[in-house]
Structure formats: structure tokens, C-alpha cells
Amino acid sequence: MQKTALVLGAGGFIGGHLVKLLKSEGFWVRGVDLKLNEYAETEADDFLIGDLRAPDLVAAAIDRRFDEVYQLAADMGGAGYIFTGFHDADIMHNSATVNLNVVEACRKRTIKRVFYSSSACIYPAFNQEDPDNPNCAEDSAYPAQPDSEYGWEKLFSERLFLAYNRNHGMECRVARFHNIFGPEGAWTGGREKAPAAICRKVALARSGDSIDIWGDGKQTRSFLYVDECLEGTTRLLRSDFVGPVNIGSEEMVTIDQLVALVADIAGKAIRINHIAGPTGVRGRNSDNRLIRERLGWAPSAPLVAGLERTYGWIELQTRRNAA
Ligand code: NAD
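Calculation rules
Residues numbered from 1 in each chain as written. Predicted model: local features only at pLDDT ≥ 70, side-chain atom pairs only at ≥ 80, totals over all residues. Heavy atoms only, no water. Helix = DSSP H or I, 4+ residues; strand = E, 2+ residues; numbered from the N terminus. Expected span 1.5 Å × (residues − 1). Buried < 20%, exposed > 50% of the residue type's maximum accessible area, 1.4 Å probe, protein only. Axes fitted to C-alpha atoms, helices over the stretch in contact; angles between N-to-C directions. Parallel < 35°, antiparallel > 145°, perpendicular 65-115°, else oblique. Left-handed = near helix turned anticlockwise from the far one by under 90°. Contact = heavy atoms within 4.5 Å. Nonpolar A, V, L, I, M, F, W, Y, C, P; charged D, E, K, R; others polar. Core = buried A, V, L, I, M, F, W, Y, C linked by side-chain atoms within 4.5 Å. Domains from an automatic or database assignment. Salt bridge = Lys/Arg side-chain N within 4 Å of Asp/Glu carboxyl O.

Focus on helix 5 (residues 149–168)
Alright, step 1. Taking 1.5 Å of rise per residue, the 20 residues of helix 5 would be expected to cover 28 Å, and the 28 Å separating its terminal C-alpha atoms lies within 8% of that figure.
Alright, step 2. Among all positions of helix 5, only Tyr 150, Gly 151, Glu 153, Lys 154, Leu 155, Ser 157, Glu 158, Leu 160, Phe 161, Leu 162, Tyr 164 and Asn 165 are buried.

Next comes the structure, spelled out in C-alpha cells:
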């Protein structure tokens, strides 16, 4: 029998890529989202456009015992959306409602395997003040002190899925994604993340120009290309390990170094103009000891390889926009 998968948030960046992967693996796939993906036609066999905050829509979406469910839908954005404080109530209310609806509907259908995408944003701010030495080991999550309401909601929902495992015999899996990037994601409009925003700024600049960067550029992060994120995601869902576990890259760079890498790919001399803006914690890096130990696998591709593909795609978008 053909296996079935449900991708919630299939119109988004990671969900769009996940649908493609599951189709290439031979699954029958249903996608659900508020919208279709803006950048690529969906390959899902069935795509439901609707709001997962509405229990009726969730019941229609989860109308059978799917073999695999991926819950990626969230009210989400880059630093310009999450850290300004203007969207806190929406972020918490919308994402928590979706997660509460989804896990309960899966329980009613006796679905076992549900993947939930949490975030590195759950880690305590006090462990990420030194840009050279952040602590993001999974067991450092408590005592909790995320630096955003987005992080608090993720922490609540991690616990929600794990409670359903304990009390209802489900087999939910929880991963904490660290800055996933790649083509076919938000690259303009305010919800884009640092790699996409930097690729866009460099693509639009001429050699010798300067581009604006939020903060002093010394804040550190690691960035994981979407293909490896999905490999970790499917490996985790199909494994005996529950998580929460980091899915991220251990190749930490400063934001200024990220700009230099992109400028190099573009073949442009780019100067940086540091301006005030939301930046989040000072340092963050994935700690991959646990995933290596439990799954015998960890992301390993160099950052520059993913950046080359992402820059190529974003540069094409800027040219199309200008035409
Ligand atoms: P995304 O914003 O591109 O995708 C999320 C999708 O969820 C969007 O298409 C959105 O329309 C949909 N959605 C939101 N509310 C909905 C609702 N009420 N009903 C139906 N659909 C709804 O984000 P993404 O980068 O693809 O992220 C996927 C998941 O991974 C999210 O849960 C996010 O929090 C998590 N995550 C992502 C990153 C990253 O770097 N991209 C890092 C950590 C965690």
C-alpha cells in the first residue's frame, strides 16, 4: 500500500521542500496551508487551503490515519517580525491554537508519528550572551528564558506533543531547527531571515556599494541548508528517538562573515553599514552531539555550498522583479 503523509504548513518554505522530498520517496501527500507557496508549484497530491486555527478545517485535513504527519505551520518570520514585540500576541495565540488543534485531531485518528518543528529560539538568552561560546545543548533549555514570545510558544508546544506521547501513547518527535535557509523561501517583505535578506541586498548592490546590516555584525549564528534539515527531519520521525534534538549546523559565523561569504559568491566588493535594528541573542550555534549519538548522523555540508544555491535563486528573483 502507498504510504501517506500530511504536511501542515506546506505552503511555506520548509513545508514546500518537504512535500517534494516525500513525493520523491513515493508517498501520497496532502498539504495544508493558509496559502499556496509563492515560489514553486506544489507537488502535493491534494492541497487544502485553510486556517488550522479552525477545528473544522483541521478535522477535514486529518480525515484518515496518515503514516506520517509533519506539523510545520506557525506564525513565523525573521527578526523583523519576531523581535519587535508588535506581533507577540498573534504569534502566541495563532501557533498555540494550531498545535492544540493538530495534536488532538491526530490523537482522535490514532495517528502515531507526528513531527513537530520547534526552534533554537527556545534556548535561554543568558546562555547566548558570549558570541564565541553560546550553549545550545538540548539539556540547557531549562530553567527556561527564551528571548522572545515565539520561543516561549515553541517551548509550550514541545511539551504539549511530548505530553500526548506520555498520556495517549503517541510517538511524536520534536526537533529544534536552527536558522534554515535555501531557495524558495521569503526573501523580501519583512519576514525573510538574515541569509535571504543579505543575498537580496548584495544582489541589488553594485560592487563598491555599502549595505545596511542590523547590529554591529559581530553577533554569531549558524545556518543550515534546507536539504539537510529535511534529511534530519525524516530521519528523526522514522527513528526511535523522541527528542527534542537540535537540527542545525555547527559552522558558526558572524553576520559580517556571512556578508563576506555572499559578497564573494556574487563577485562584488561590498562595504557594510551597521545600523540599529532587532538582532536577537549575541551568539547561537547548533550543538550536534546528541543527534550524532542518537541518530548516528549530523549535518555536514559547508555553509558556502548552500549559500551559492540560495544566492543564485535570489539574484534571479531580483532580476525578475526588476523586469
Ligand atoms: P514559513 O513561514 O515559510 O512556513 C510556515 C507556514 O505555516 C506558512 O506557509 C504559513 O502560511 C503557514 N501557517 C501559519 N499559520 C497557519 C494557519 N493558522 N493555518 C494554516 N497554515 C498556517 O516558515 P518555515 O521557515 O517553513 O518554518 C516551518 C516551521 O519550522 C515553523 O514551525 C517554524 O517555526 C519552524 N522553524 C523554522 C526555522 C527556520 O529557520 N526557517 C527555524 C526554527 C524553527
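So, the packing of helix 6 (residues 194–204) against helix 10 (residues 303–322)
Alright, step 1. Where helix 6 meets helix 10, the axes come as close as 9 Å, and the angle between the chain directions of the two elements is 55°. Our classification of the angle between helix 6 and helix 10 gives oblique. The two elements helix 6 and helix 10 meet at a crossing, and its hand is right-handed. Contacts between helix 6 and helix 10 involve Ala 196, Cys 199, Arg 200, Val 202, Ala 203 and Leu 204 from the first element and Thr 310, Tyr 311, Ile 314, Glu 315 and Thr 318 from the second.

Thoughts on the packing of helix 6 against helix 8 (residues 255–266)
Alright, step 1. The N-to-C vectors of helix 6 and helix 8 enclose an angle of 45°; their axes lie 10 Å apart at closest approach. Relative to helix 8, the element helix 6 is oriented oblique. The crossing of helix 6 and helix 8 is right-handed. Contacts from Pro 195, Ile 198, Cys 199 and Val 202 of helix 6 reach helix 8 at Ile 255, Leu 258, Val 259, Val 262, Ala 263 and Ala 266.
Alright, step 2. Residue composition of the contact of helix 6 with helix 8, by class: ten nonpolar, no polar and no charged.

Here we look at the nonpolar core
Alright, step 1. Core analysis: the biggest nonpolar cluster contains 55 residues, and Val 7 and Phe 177 have the highest contact counts within it.
Alright, step 2. When residues are assigned to domains, this core turns out to be shared by domain 1 (4–180 + 224–247) and domain 2 (183–222 + 251–284 + 302–318), each giving three or more.
Alright, step 3. With near-sequence residues (within four places) excluded, Val 7 lies in contact with Gly 15, Leu 18, Val 19, Leu 22, Val 29, Arg 30, Gly 31, Val 32, Tyr 70 and Leu 72.
Alright, step 4. Counting residues in hydrophobic clusters, the runner-up holds 28 residues, among them Val 32, Leu 48, Ala 105 and Leu 162.

Let's talk about the side chain of Thr 318
Alright, step 1. Within the element layout of this structure, Thr 318 appears in helix 10.
Alright, step 2. A relative accessible area of 8% places Thr 318 in the buried class.
Alright, step 3. Thr 318 has contacts with Trp 187, Arg 200, Ala 203 and Leu 204, leaving out every residue within four places of it along the chain.

Considering the pattern of salt bridges
Alright, step 1. A full pass over the atoms with the stated rule returns 20 salt bridges.
Alright, step 2. Glu 184 serves as the salt-bridge partner of Lys 20, at 2.8 Å between the closest nitrogen and oxygen. Of this pair, Lys 20 sits in helix 1 (residues 13–24) while Glu 184 sits in the loop between strand 7 (180–181) and helix 6; the two residues are 164 residues apart in sequence, bridging distant segments of the chain.
Alright, step 3. Accessibility expressed as a relative area gives 26% for Lys 20, which makes it partly exposed.
Alright, step 4. We classify Glu 184 as buried; its relative accessible area is 17%.
Alright, step 5. Close ionic contact of Glu 104 with Arg 107 constitutes a salt bridge, the shortest N to O distance being 2.7 Å.

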